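Given next are the chains, with one letter for each unit.
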Amino acid sequence: MIKTLGLSHPTLVAAEIEATVDFYSRLLGMALVMRQPDADNPGFEQLLFAAGNDTYIGFYGPSHPDLNSYVPRPTMGVGALQQLTLAVSSETFVQVKGELTRAGVSVFGPLDTALELAYYFRDPNGIMLALTSWKHQPPPGLSRAAILATAETIRAEAGGRLTDAQVQAAYTRLSSVDSGEIPPEVLRCRARLWS
C-alpha cells in the first residue's frame, strides 16, 4: 500500500498567465514562488503559488496572450475540477466579500455548510474558487479530520445533510475521549481510506 504524506499541489490550466499572477498574488495574497518556462511546450509557463501552511497551487498556461485561444475554457464533467477550496482565518473571512467586490469579482455567499462558511467566485480562468472558514476552531490537540469523521458518522446515522447540531455533537463526543484513545469513527474512516 502506498501512503501519501499530503497534497503537494494541484496544477490547474491558466488561459492568461499575467491575469492569473495578478489575481492570485495581488488579490488572494499568495506569493509566486516559482515561474519558469515549460520544458515540453515552448511558449507555455509553469507557476507555483504558496497558498499558506506549506501548501501550493500550480498553474500551467501560455506565456503570450496570442496563444490564449489554444487553451479551452473549463467545463464540468468527469475528471474536471468542480472547485478549488482555500481556507482563510475567521478574521480574513469577514473581509472577503468586500475585497473581492472592490476588485470587480462577482461573489456568491456566504453559504453555511454546518462546518464552515464559504464564499464562491471565479478566477480569471473561469475556475470556481471557494474561500472558507471553520465556524468553530478545533481546540488544541483535536484534528479537523477527527471532527469530520465523527460528524460524518453522526450524520450517516441520522441521514440527510450535515447540521450544526451534529457538528457540535462531534466536538462533544471527541472532547470526552481520553487523549490517547482514538474514537471508533476515526478508526473506521481510516480503514475505509487506507484499505
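A brief look at the structure comes next. (Residues numbered from 1 in each chain as written. Predicted model: local features only at pLDDT ≥ 70, side-chain atom pairs only at ≥ 80, totals over all residues. Heavy atoms only, no water.)

## Considerations on the sheet that holds strand β2 (residues 31-37)
Okay, step 1: In space, the four strands of this open sheet follow the order β1-β4-β3-β2, with mixed pairing throughout. Edge strands, defined here as strands with exactly one partner in the open sheet, are β1 (11-13) and β2. With strand direction ignored, the average angle separating the axes of adjacent strands in the sheet is 20 degrees.
Okay, step 2: Where β2 lies against strand β3 (residues 44-52), six bridges are found, and the strand directions are antiparallel. In the strand pairing of β3, L32 is matched with F49. (Pairing = 2+ DSSP bridges. Helix = DSSP H or I, 4+ residues; strand = E, 2+ residues; numbered from the N terminus. Axes fitted to C-alpha atoms, helices over the stretch in contact; angles between N-to-C directions.)

## Remarks on the nonpolar core
Okay, step 1: Judged by nonpolar contacts, the single largest core of 26 residues is most densely connected at F23, Y24, L28, F59, F121 and L129.
Okay, step 2: For this core, the elements supplying multiple residues, two or more each, are α1 (17-27), β3, β4 (55-62), β5 (84-87), α2 (90-102), β7 (116-122) and β8 (128-134).
Okay, step 3: With five residues, the single largest contributor to this core is α1.
Okay, step 4: Grouped together as the second largest cluster of nonpolar side chains are nine residues, W134, I147, Y171 and L174 included. (Core = buried A, V, L, I, M, F, W, Y, C linked by side-chain atoms within 4.5 Å. Buried < 20%, exposed > 50% of the residue type's maximum accessible area, 1.4 Å probe, protein only.)

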